[in-house]
Amino acid sequence: MSTSSVSKGCFVFKPTAKKKKKKTLGLEDYFIHGCEGDENRELRFKLCQDLWDKIKTDTEVLQDELNRKILDSLLDFTRKYSSTRQHSAEDWASRMRASEIPTAALVLGVNVPDHDMTFQSLSELLQQTVTPYVASVQAKECGALKHLIQRVLERLMGTVVSVDDEEAEHISTQHHKSVHCSLSTLCDWYNTKTKKSSTPGKKRSCPVGDQQQQQPPVVIIFKDLEAFNPKVLQAFILICSRYVEQLPLMFIFGIATSPSTIQHMLPHSVSSLLCIELFQSLSCTQHLATVIDKLILTPHFPFKLSSKVLQVLISIFLYHDFSVRNFIKGVQLALLEHFHSQPLSVLCCKKKEAMFNVTQLSHLDLERVRQLASFRRYVENQEPQEQVKLLMDDTHLQEVCQKLIKGLHKYHKNYYPVLRSLHTLTSSLPRYPLGKQIRELHLLCLEKNIWENEDYQSAMKLLGLLAKDELVASLQRCAEILEQVKSKKMKNAHVQLQDLLAKFKQLDQSSDETAANGEEITSSVKSLQKKTDLFHLQKTLLEMKESRRFKKLSPFEILRNEALEFMDALVRCHLSPPESQTLNEVCYYSSSVVVRHHLNATPRTSIQAALSSPYHYLQNDSLKTEDGTVSNTAPDICIVYKLHLECGRLINLYDWLQAYATVVCAAEGNDPDSDNFGKVDEIKHVRFIQAVSELEFLGFIKSTRQKTDHVARLTWGGC
């Protein structure tokens, strides 16, 4: 291109537009980045994704099964009131009931994060089976009455709704059709829709189902009733009651606390306009027990959690949010961390696949196997020649690893049936020595040998006092559990338990022995009732004590002791902790610190760490200090925060400003001996005020009236 010209000028050459294709990173790229062990990263990602999808699918199916009963009840409720509306009722009671708005009060519990899944399933079922007109609203988007009506109309009509004239003009300039925000608009729209849906033809008597399809109800779901403004809710219900005859409205209230919330939020004049029916969902603790039973206490899922990690997840559930959804997310986080940080997690899969992956292990992977703590203990218990082979011969080590992987899968296959059997025996004992829930017993078994626990010994003593009917019923349930397992050891245990149950059925104490024992007791009691001196009384009591000590056990007591000894032997054989199993590190994730760091956030600690050491987050070399002090080039809020730590309960703002100006001047490179060093100009003053305001917003200081130009310090020990 020529730039020669008679006159001087400025020539601009625009570059050719070459679009650079940005490489989009996928899930596998994020997983591989920083992953431990480069040899099998792709295989570990595939295994992790397969298990992740399995968790997601199983939990969704389980969620649908648990909510099926309550959802079916709600569907029947909506069908019932929509069908009764179609019939012309002439009696006074029916007319009064027709003037009320049918309302379902759905008590879901305090596990608020789980409510979204329930309401989503409910909306889908209502739209598929009952009515296409379903709207869900939340309190955060309905601060005023006009916003509530606007959201309802937008969700039902699928169009833009204008609240005022200015908004209507703004929408019209954007070439969007808008409708007026009122329930009369909704009535006109509903009548138009229902007339279009009804097919024209000859007049004939239509069945009730056809009439119900022609006029389906309009369902409005209030997801979080407690968070709504009571005045807004009252006004909305009063307006809706005026349109009951024209519009078949129906409400569903999502309640997290108690049904009495409706009485507290709505006065009688408003609540009398509603025909309320109560629905109670499954409690979150029962939901968690089902999830743990199907997801964790099963040999079909190879990934396992150690006792500390499981305890962290359960503690977060019980003491923070009661959310089963967040508990499942915690399990998924542990799964991701395990496959990302453990190179030997390629063996955490089904048995056949794991046996094949053992043959594909590289020399480096086999060295990692030799470094495992459980494998070291295994090597120490072997003969010297075998130890040399395990440490030097890779082929021999692969064969041994295959046997150990088989043993680990057999351990899991036998562990869970015995765990359920022990829980069946002890869950009905007084004071629940081994826990009321099976997860409590599982945690005890994960920590150490359960038979060394004092609570286990007390539980066995209490089992030795059970009556025949209670003991036989518990053993029968144990037999049903063992019957479902295909393991050889469990089959043998089931046969032995059936033999014991057969002996219990055949057991019948003879009436002669019972009568004889009764005569001995009555005779000894009668002898005590006779007048005698102290010497003869002591002698009689000692004889009775000796006779009781050496008393022969009844056939039932002998058989009961035999059954308890059998269960105790089963527990000692199959309920050893996972740490006793070789190569348990392959399947068990044990880093509870990482899980707690990601799930149990501590915002105050993070903020204090960022303010006292900004290099930790910014990673700027100019902010790096060795003695723990803040660099003079740090952000203003960090400098102000560090200076405020050196003050007492009350901080003088003028002294604080002077100290800040001194630090900032040193950062600017000014001469300390000059007259202007440390002086406060307007820019420094504004920067200081902004930093102090930010500290006040974060909650480190507050204004006080005790002294003029002072602020009060609120936190301590943050150095």
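Placed above this text is the structure.
Owing to the predicted nature of the structure, the values given are computational and were not obtained by experimental measurement.

Trainee: Teacher, can you tell me more about the packing of aromatic side chains here?
Mentor: What describes a pair of aromatic rings is the distance from one ring centre to the other and the angle between the planes of the rings. Tallying each qualifying case throughout the model produces 17 aromatic pairs. Between Tyr-660 and Phe-688 the ring centres are 5.7 Å apart and the planes differ by 40°, which places this aromatic pair in the tilted class. One end of the pair, Tyr-660, is in helix H31 (residues 653-668); the other, Phe-688, is in helix H32 (residues 682-698), with 28 residues separating them in the sequence. In terms of burial, Tyr-660 and Phe-688 fall into one category: buried. Among the aromatic residues, those joined into a ring-pair cluster are Phe-222, Phe-228, Phe-236, Phe-251 and Phe-253.

Trainee: Is there a simple way to think about the sheet that holds strand E10 (residues 650-652) in this case?
Mentor: Sheets are built from strands paired through backbone hydrogen bonds, the pairs being either parallel or antiparallel. Taken in spatial order, the three strands make up an open sheet running E10-E12-E11, and their pairing is antiparallel. Strands at the two margins of the open sheet, each flanked by one partner only, are E10 and strand E11 (701-703). Within the sheet, the average angular offset between the axes of one strand and its neighbour, ignoring direction, is 35°. Together, E10, E11 and strand E12 (710-713) form the strand contacts of H31, whose direction differs from that of E10 by roughly 60°.

Trainee: Would you take a moment to explain the environment of Gln-581 for this structure?
Mentor: Relative to the elements of secondary structure, Gln-581 occurs in the loop between helix H26 (555-574) and strand E9 (588-589). The class of Gln-581 is buried, set by a relative accessible area of 18%. With 207 residues separating them along the chain, Gln-581 and Ser-374 place their C-alpha atoms 7.0 Å apart. If sequence neighbours within four positions are ignored, Gln-581 has contacts with Ser-374, Leu-408, Tyr-411 and Ser-576.

Trainee: Got a minute to help me understand the packing of helix H19 (residues 394-426) against H26 in this structure?
Mentor: Two measures define how a pair of helices packs: the angle their axes make with one another and the distance between the axes. Closest axis-to-axis distance for the H19/H26 pair is 9 Å, and the angle between their directions is 140°. Classified by chirality, the crossing of H26 by H19 is left-handed. Of H26, the residues touching H19 (which contributes Tyr-411, Asn-414, Tyr-415, Val-418, Ser-421, Leu-422 and Leu-425) are Met-567, Leu-570, Val-571 and His-574. Of the residues contributing to the contact of H19 with H26, the split by class is eight nonpolar, three polar and no charged.

Trainee: Just checking my understanding: could you explain a positive patch on the surface for this structure?
Mentor: Taken together, the side chains of Lys-351, Lys-352, Lys-403, Lys-406, Lys-410, Lys-413, Lys-486, Lys-488, Lys-489 and Lys-491 present a region of like positive charge at the surface. When residues of the positive patch are traced back to their parent elements, those giving at least two are helix H15 (351-359), H19 and helix H23 (488-506). Considering every element that reaches the positive patch, the biggest residue donor is H19, with four residues. As for its placement among the helices and strands, Lys-351 is situated in helix H15. Lys-351 gets classed as partly exposed once you look at its relative accessible area, which sits at 41%.

Trainee: Even after reading the chapter, I still don't get the pairing of strand E6 (residues 249-255), so can you show me in this structure?
Mentor: Most of E6 sits inside the fold, with seven of its seven residues counted as buried. Of the two faces of E6, the one lined by Leu-249, Phe-251, Phe-253 and Ile-255 and the one lined by Met-250, Ile-252 and Gly-254 are each fully buried. As defined by bridge partners, strand E5 (residues 218-222) adjoins E6 across five bridges and the pair is classed as parallel. In the sheet register, Val-218 faces E6, and the bridge partner there is Leu-249. As a crossover connection, the stretch from E5 through helix H9 (residues 230-241) into E6 is right-handed.

Trainee: Sorry, what's going on with H32 here?
Mentor: Owing to its 3.6 residues per turn, the α-helix brings residues three or four apart onto one side. The end-to-end C-alpha distance of H32, which contains 17 residues, comes to 25 Å, matching closely the 24 Å that a straight helix rising 1.5 Å per residue would cover. Every buried residue of H32 is accounted for by Lys-684, Phe-688, Ala-691, Val-692 and Leu-695. The buried residues of H32 occupy an angular sector of 100° when the element is viewed end-on, so they sit on one face. Projecting away from the buried face of H32 at angles above 90 degrees are the exposed residues Glu-682, Ile-683, Val-686 and Phe-697.

Trainee: I keep staring at the packing of helix H21 (residues 454-463) against H26 and nothing clicks. Help me out?
Mentor: Two numbers describe how H21 lies on H26: the axes approach to 10 Å, and their chain directions differ by 155°. The pairing of H21 with H26 is recorded here as roughly antiparallel in orientation. Our pair here, H21 against H26, has a crossing hand that is right-handed. Taken together, the residues of H26 that come into contact with H21 (itself represented by Tyr-456, Met-460 and Leu-463) are Arg-560, Leu-564, Asp-568 and Val-571. For the contact of H21 with H26, the class distribution of residues is five nonpolar, no polar and two charged.

Trainee: Help me out: how do you make sense of the pattern of salt bridges in this one?
Mentor: Any two side chains of opposite charge can pair, on the condition that their charged atoms come close. Scanning the model with the defined rule gives 14 salt bridges in all. Of the charged contacts, one joins Arg-155 and Glu-141 as a salt bridge, the two residues approaching to 3.1 Å between their closest N and O atoms. Of the two residues, Arg-155 sits in helix H5 (residues 145-157) while Glu-141 sits in the loop between strand E2 (134-137) and H5, which places them 14 residues apart along the sequence. The partner of Arg-370 in a salt bridge is Glu-367, with the nearest N and O atoms 2.9 Å apart. With a gap of three residues between them, Arg-370 and Glu-367 both fall in helix H16 (residues 363-371), about one helical turn apart. Judged by relative accessible area, Arg-370 falls into the buried class, the value being 8%. On the accessibility criterion, Glu-367 (26% relative accessible area) is partly exposed.

Cut-off values and rules
Residues numbered from 1 in each chain as written. Predicted model: local features only at pLDDT ≥ 70, side-chain atom pairs only at ≥ 80, totals over all residues. Heavy atoms only, no water. Phe/Tyr/Trp six-rings, centres within 6.5 Å; stacked < 30°, edge-to-face > 60°. Helix = DSSP H or I, 4+ residues; strand = E, 2+ residues; numbered from the N terminus. Buried < 20%, exposed > 50% of the residue type's maximum accessible area, 1.4 Å probe, protein only. Pairing = 2+ DSSP bridges. Axes fitted to C-alpha atoms, helices over the stretch in contact; angles between N-to-C directions. Contact = heavy atoms within 4.5 Å. Left-handed = near helix turned anticlockwise from the far one by under 90°. Nonpolar A, V, L, I, M, F, W, Y, C, P; charged D, E, K, R; others polar. Patch = residues over 30% accessible without salt bridge, like charges linked within 9 Å, V, L, I, M, F, W, Y side chains within 5 Å. Areas by Shrake-Rupley, 256 points an atom, 1.4 Å probe, with all protein chains shown as cover. Salt bridge = Lys/Arg side-chain N within 4 Å of Asp/Glu carboxyl O. Lys, Arg positive; Asp, Glu negative; His and termini not counted. Charge placed at Lys NZ, Arg CZ, Asp CG, Glu CD. Right-handed = clockwise from strand over helix to strand, strands pointing away. Expected span 1.5 Å × (residues − 1). Arc of directions from axis to C-beta. Parallel < 35°, antiparallel > 145°, perpendicular 65-115°, else oblique.

That's the geometry; what it means functionally is another story.
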